[in-house]
Amino acid sequence: ESSATAKPKISTSAAKEFVKRFNEAYATKHEEFENQFWGTKMALASTKSVTYSPDNLFQTKKDMEDLLSNPEVLEEAKTHRSKLSALLDDNTNSSG
């Protein structure tokens, strides 16, 4: 296998791992927010593992929004996009 074919695997692999990590983190934070939202809005009884409260609702929403607005996450996403675009350009130019 040439280095030209090995390079895309590395770039795409890193991007896929970033997306996987981000999606998992977002899914966790979103689920925590949703649980607080419905638990609070439906006046569910708190359990040993979950306490429903307006404060926890606010905090879980803030945690979710903080992830979405994290400048480091955005920068990493832009870096992957840039690398993948360059890789696509390289592949397009070398095949044509």
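For clarity, every value in this text was computed on a predicted model and none was experimentally measured. (Residues numbered from 1 in each chain as written. Predicted model: local features only at pLDDT ≥ 70, side-chain atom pairs only at ≥ 80, totals over all residues. Heavy atoms only, no water.)

(A) The pattern of salt bridges, seen in detail. Per the counting criterion, the structure on display carries 3 salt bridges. One salt bridge in this structure joins E65 and K61, with 3.9 Å as the shortest N-O distance. One end of the pair is E65 and the other is K61, both in helix α2 (residues 54–68) and 4 residues apart, which spans about a single turn. Put simply, D66 and K62 hold a salt bridge, and the shortest N to O gap is 2.7 Å. Taken together, the residues D66 and K62, both in helix α2 and 4 residues apart, mark about one turn of the helix. (Salt bridge = Lys/Arg side-chain N within 4 Å of Asp/Glu carboxyl O. Helix = DSSP H or I, 4+ residues; strand = E, 2+ residues; numbered from the N terminus.)

(B) Fine view of the side chain of S53. Residue placement: S53 occurs in the loop between α1 (3–41) and α2. Its relative accessible area of 17% is what places S53 among the buried residues. When neighbours within four sequence positions are excluded, S53 is seen to be in contact with Q36 and T40. (Buried < 20%, exposed > 50% of the residue type's maximum accessible area, 1.4 Å probe, protein only. Contact = heavy atoms within 4.5 Å.)

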